[in-house]
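Architecture at a glance
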Amino acid sequence: MTIQMEKVCKRFPQPAGKELSVLEEVDLSIGEGEFVIILGESGCGKSTLLNLMAGLLPLSEGEIRVNGRRINQPHPSRAMIFQQPSLLPWLNVEENIVFGCKLRGEHDDLTVRTAQLIEIMGLSGFEKVKPHELSLGMAQRVCLARAMIGHPQILLLDEPFASLDTITRSHLQEELIEFWMVEKFTAVFVTHDIDEAILMGTRVVLLGGRPRGILKTYEVNLNFPRDIASRGFFLLRSAILKKLRESFDGYQRR
Ligand SMILES: Nc1ncnc2c1ncn2[C@@H]1O[C@H](COP(=O)(O)OP(=O)(O)OP(=O)(O)O)[C@@H](O)[C@H]1O
Ligand SMILES: [Mg+2]
């Protein structure tokens, strides 16, 4: 599935009739099967952009099309992983993972696939555990499994690994890339971590500036699995960091 954003603006109402402009005239076209990273500092509008793509927030101006059709509400073909784990507290791990599929009447090979995903996410032994007994990182892995089980055509991920330790994070980054290579979904992944962006993305979109929008995009022409110590990685990292610093210095002075 493809995603097209055209002149997308988002403003939030503020007290005393004022408005906060978060995104200004964002044009972004995402092709089938791309793994696009949205990279930017805290508060630059990354989650807002992703929520707009999910259809969870109304646009102030502009248009978002998925496979050419204008969207204005969520759809199961676009799975979302939120910045904070969002599990149903009265269901256990297994039940949370299959909840959406069961609701939509999709029962095919659910048991086998649930067991596989639980294993991949390192959740074996926790199948019957309720969310309040899980760590934040474990709960986020349940959310990932829940998203993957429905074979989404678009996966929207909002800093899904931010609360994980380095080893678990690196393991899940690899797993997610393997899933993506097999299932060939279109991914939009939000992060503020440059290394994570270059490790995973086929394209990195820098968000920021004043007014906020797309600063620059970078194609990542490096083979998977990527080597953080390679020259290509280092050069791209330096270029992105330089651009982010320039942008930050620019509006700090204003
Ligand atoms: N529902 C809302 N109502 C009012 N303002 C909002 C709302 N959601 C976000 N904002 C504002 O929009 C701006 C962008 O927020 P957003 O959550 O998109 O940033 P972000 O890039 O995801 O940041 P972080 O990396 O910290 O998650 C912030 O100034 C925030 O205060
Ligand atoms: Mg955010």
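Reading the values: the criteria
- Residues numbered from 1 in each chain as written.
- Chains lettered and ligands numbered in written order.
- Predicted model: local features only at pLDDT ≥ 70, side-chain atom pairs only at ≥ 80, totals over all residues.
- Heavy atoms only, no water.
- Near = heavy atom within 4 Å.
- Polar contact = N/O pair within 3.5 Å; in protein donor to acceptor, adjacent residues only side chain to side chain.
- Areas by Shrake-Rupley, 256 points an atom, 1.4 Å probe, with all protein chains shown as cover.
- Buried < 20%, exposed > 50% of the residue type's maximum accessible area, 1.4 Å probe, protein only.
- Helix = DSSP H or I, 4+ residues; strand = E, 2+ residues; numbered from the N terminus.
- Salt bridge = Lys/Arg side-chain N within 4 Å of Asp/Glu carboxyl O.
- Pairing = 2+ DSSP bridges.
- Domains from an automatic or database assignment.
- Contact = heavy atoms within 4.5 Å.
- Buried area = accessible area lost by both parts, 1.4 Å probe.
- Expected span 1.5 Å × (residues − 1).

Let's talk about the site of ligand 1
Taken together, 13 residues lie around ligand 1, and Ser42, Gly43, Lys46, Ser47 and Thr48 are the ones closest in. Interatomic distance of 2.7 Å between a backbone N/O atom of Gly43 and an oxygen atom of ligand 1. Ser47 has a polar side-chain atom sitting 2.8 Å from an oxygen atom of ligand 1. Look at ligand 1: alone it shows 630 Å² of surface, and the protein chains cover 62% of it.

Here we look at helix α1 (residues 46-54)
Here α1 lies mainly inside the structure; eight of its nine residues are buried. Turning to α1, its buried residues number three or more, namely Lys46, Thr48, Leu49, Leu50, Asn51, Leu52, Met53 and Ala54.

Describing the pattern of salt bridges
A complete count under the given rule lists 14 salt bridges for this structure. A salt bridge links Lys128 to Glu94; the nearest nitrogen and oxygen atoms lie 2.7 Å apart. Linking Lys128 in the loop between α3 (110-120) and α4 (136-149) with Glu94 in helix α2 (residues 93-103), this pair joins segments that are 34 residues apart in sequence. On the accessibility criterion, Glu94 (25% relative accessible area) is partly exposed. Measuring nitrogen to oxygen at the nearest pair gives 3.3 Å for the salt bridge that ties Glu196 to Arg169. Taken together, the positions of Glu196 in helix α6 (residues 194-200) and Arg169 in helix α5 (residues 166-183) put the pair 27 residues apart, joining distant regions of the chain. For Glu196, a relative accessible area of 2% corresponds to the buried category. The exposure class assigned to Arg169 is buried, which follows from its relative accessible area of 17%. Through salt bridges with shared partners, a single ionic network connects Glu6, Glu63, Arg65 and Arg70.

Side note on the pairing of strand β10 (residues 213-219)
In the sheet, strand β9 (residues 203-208) pairs with β10 via six bridges, with the strands oriented antiparallel. By the bridge assignment for β10, Arg203 is matched with Glu219. Two successive antiparallel strands, β9 and β10, enclose a turn made up of four residues, where Gly209 displays a positive phi of approximately 80°.

Here we look at the domain arrangement of the protein
What the domain assignment reports for the protein is domain 1 (31-77 + 153-254) and domain 2 (86-151). Spacing between the C-alpha centres of domain 1 and domain 2 amounts to 25 Å. Each partner contributes residues to the interface: domain 1 has 17 residues there, and domain 2 has 13 residues. Taken together, the two surfaces of domain 1 and domain 2 that pack against each other cover about 1200 Å², and 72% of this comes from carbon and sulfur. For the domain 1 face of the interface with domain 2, the top three residues by lost area are Leu172, Phe179 and Glu183, together amounting to 37%. Close ionic contact of Arg113 with Glu183 constitutes a salt bridge, the shortest N to O distance being 3.3 Å. Connecting domain 1 to domain 2 are four residue pairs in polar contact (both at pLDDT 80 or more). At the level of secondary structure, the elements contributing two or more residues to the side of domain 1 that touches domain 2 comprise β7 (154-158) and α5. Looking at which element gives the most residues to the side of domain 1 that touches domain 2, the answer is α5, with seven residues.

Examining α4
Given a rise of 1.5 Å per residue, 14 residues ought to cover 20 Å, and the 20 Å separating the end C-alpha atoms of α4 matches this to within 8%. Summarising burial for α4: twelve of the 14 residues are buried, a large majority. Of all the residues in α4, the buried ones are Gly137, Met138, Ala139, Gln140, Arg141, Val142, Cys143, Leu144, Ala145, Ala147, Met148 and Ile149. In the stretch just after α4, His151 is the one whose phi turns positive, near 45°.

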